[in-house]
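Okay, here's what each chain looks like letter by letter:
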Amino acid sequence: ISAATRLKQKGVQAYAGELVNGVAEARNWSLDELADRTIPTAGLNDDGVLELPIGDDAKPYFARMDDDFKLVAFNPDGKPIKALPAGDDDNTKASKKQLSASKRELKQVMTLQGERLYEALCAERVWPVSDWLRDFRDHPLMGRLTERVIWLGVDADGNAITAFRPTAEGDYVDAEDNEVDPENFANIRLAHGALLPDGAAEAWKTHLSDYEVKPLFAQFGRPLLAVEGDMAKETQIKDRHGWVTDTFTFRGVASKLGYERGEALDGGYFNEYVKNFRSAGLCAVIEFSGNCLPEENVAAAQMYLSFNKIMGKGRRGRAVPLGEVPGVLLSECWNDYRDMVAKGSYDPEWMKKMPWI
């Protein structure tokens with residue numbers, strides 16, 4: 001699934017996509033549902049424990065995930081240790097191998113699933129309560145991730161009921177610490193400032209700060225973009241057109257925000273950074289003045305942001321009107337578009353200073 005969605009080798013990505021789509025279709029699942037239901041556990045059991053028997057007598061050493069999503073080993077008395085004891089017996093060798101493999105897998109899983117949750121936020125994905133509880137809350141790794149984001153319970157018509165946060169103790173609370181029962185909702189989605197009433201975002205920011213919860217990603221606080229009137233028919237956002245920075249700064253911000261360099265054209269020239277949101281069937285395309293491979297640090301000007309349909313085998317379809325883009329996705333990518341030139345400024349003479357225009 002990771003290869004089908006994030007691998008840079010497009011041919012391999014397309015082939016992996018065909019394979020996982022076949023698996024999903026055979027079960028009448030979407031690709032998102034397949035991904036939810038096949039999340040690795042890094043060897044942890046339902047209680048979040050990695051059992052690590054040591055010695056011929058299988059002393060019950062174990063490991064748990066800490067608040068930084070790293071595995072910490074413990075001795076049979078429950079005291080943390082820096083490393084498992086040495087030994088040539090089968091149990092010790094197998095446990096050492098398992099701990100090493102679990103650490104690698106845990107890092108990969110938490111990174112990938114954090115990215116998937118952000119994509120789900122942007123795509124405004126909705127889960128039936130039973131699926132969310134089974135696939136996320138009852139999962140030894142996903143359960144921990146769900147505690148780092150704010151969720152929104154909705155009714156059968158998609159209307160918001162209340163926002164809430166799962167706690168490490170297994171409770172569900174709102175921003176004022178009132179108890180919330182997820183069973184009262186028809187569906188669950190990720191909360192966002194664009195979906196909450198005035199004041200709610202600030203209440204949640206205070207709540208997270210009070211409980212020292214480090215969010216997986218920002219759900220509140222970024223400016224919101226509302227599409228009104230004729231803007232809904234437009235296919236491009238250009239409010240930073242002509243803002244100038246340099247190509248390395250532009251690349252650094254784009255990479256940090258999860259965008260990848262677009263395909264190189266003739267002569268190794270490229271002028272796009274792209275981010276796929278497969279759950280929404282769209283990719284965000286940010287065009288700038290361009291650079292050539294191998295890259296050089298030269299002046300760069302921001303151009304526009306657009307959204308294109310994702311077609312089969314990695315192909316890009318038409319640009320869609322802004323009114324057809326999910327509101328959360330639109331606001332998030334609009335902020336990305338502006339952040340890429342936040343250290344620059346508008347230059348009315350920008351076209352004269354660009355090496356590639």
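Scroll up to find the structure.
Residues numbered from 1 in each chain as written. Predicted model: local features only at pLDDT ≥ 70, side-chain atom pairs only at ≥ 80, totals over all residues. Heavy atoms only, no water.

Asker: What's the story with the environment of Asn75 in this structure? I'm lost.
Answerer: If you trace the backbone, Asn75 turns up in the loop between strand E3 (71-74) and strand E4 (80-81). In contact with Asn75, other than residues within four places in its own chain, are Tyr61, Phe62 and Ile81. (Helix = DSSP H or I, 4+ residues; strand = E, 2+ residues; numbered from the N terminus. Contact = heavy atoms within 4.5 Å.)

Asker: Can you help me understand the sheet that holds E4 in this one?
Answerer: Neighbouring strands of a sheet are bound in pairs by backbone hydrogen bonds; such pairs are parallel or else antiparallel. Strand order across the open sheet formed by 4 strands is E1-E2-E3-E4, with antiparallel pairing between neighbours. Each edge of the sheet is formed by a strand with only one pairing partner; in this case those strands are strand E1 (49-54) and E4. On the sheet, helix H4 (residues 90-123) packs against E1, strand E2 (59-65) and E3 and is oriented at approximately 160 degrees with respect to E1. (Pairing = 2+ DSSP bridges. Axes fitted to C-alpha atoms, helices over the stretch in contact; angles between N-to-C directions.)

Asker: Even after reading the chapter, I still don't get the sheet that holds strand E6 (residues 151-154), so can you show me in this structure?
Answerer: Taken together, the 5 strands give an open sheet; going across it, the order is E5-E9-E6-E7-E8, and neighbouring strands pair in antiparallel fashion. The open sheet has two edge strands, strand E5 (126-128) and strand E8 (172-173), and neither has a second partner. Pairing between E6 and strand E9 (residues 187-190): 4 bridges, direction antiparallel. Considered in E9, the bridge of Trp151 is made with Leu190. Docked against the sheet, helix H5 (residues 129-137) engages E5, E6, strand E7 (160-166), E8 and E9, running at close to 95 degrees with respect to E5. Helix H7 (residues 200-210) rests against E7 and E8 of the sheet, and its axis sits at about 15 degrees to E7.

Asker: Teacher, can you tell me more about the side chain of Arg125 here?
Answerer: Secondary-structure assignment places Arg125 in the loop between H4 and E5. Once residues within four sequence positions are removed from consideration, Arg125 is found in contact with Asp32, Glu33, Asp36, Arg116, Ala120, Ile188 and Arg189.

Asker: Whenever I open this one, H4 confuses me. Can you help?
Answerer: For the α-helix, the turn length of 3.6 residues means that residues three or four positions removed from each other point alike. For H4, with 34 residues, the first-to-last C-alpha span of 48 Å sits near the 50 Å given by 1.5 Å per residue. Put simply, Asp89 is the residue that caps the front of H4, since its side-chain oxygen is 3.2 Å from the backbone nitrogen of Asn91. Positive phi shows up at Glu124, right after H4, with a value of about 55 degrees. (Expected span 1.5 Å × (residues − 1). Polar contact = N/O pair within 3.5 Å; in protein donor to acceptor, adjacent residues only side chain to side chain.)

Asker: Would you mind going over the pattern of salt bridges with me for this structure?
Answerer: Side chains that differ in sign of charge can pair as their charged atoms come close. Inspection of every chain in the model, using the stated rule, returns 21 salt bridges. For Arg189, the salt bridge identified is with Glu124, shortest N-O distance 3.1 Å. Placement of Arg189 in strand E9 and of Glu124 in the loop between H4 and E5 is noted, with a sequence separation of 65 residues between them. Each of the salt bridges in this network shares a partner with another, and the network as a whole consists of Glu33, Arg37, Asp131, Arg134 and Asp135. (Salt bridge = Lys/Arg side-chain N within 4 Å of Asp/Glu carboxyl O.)

Asker: Help me out: how do you make sense of the pairing of E2 in this one?
Answerer: Looking down a regular strand, the side chains alternate between one sheet face and the other. Pairing of E1 with E2, which is carried by 6 bridges, proceeds in the antiparallel orientation. Bridging from a neighbouring strand, Val49 pairs with Arg64 of E2. Hairpin connection, E1 to E2: the antiparallel pair is bridged by 4 residues, and Gly55 has positive phi, about 85 degrees. Sheet analysis places E2 next to E3, joined by 4 bridges and oriented antiparallel. Looking at E3, one finds that Met65 is bridged to Leu71.

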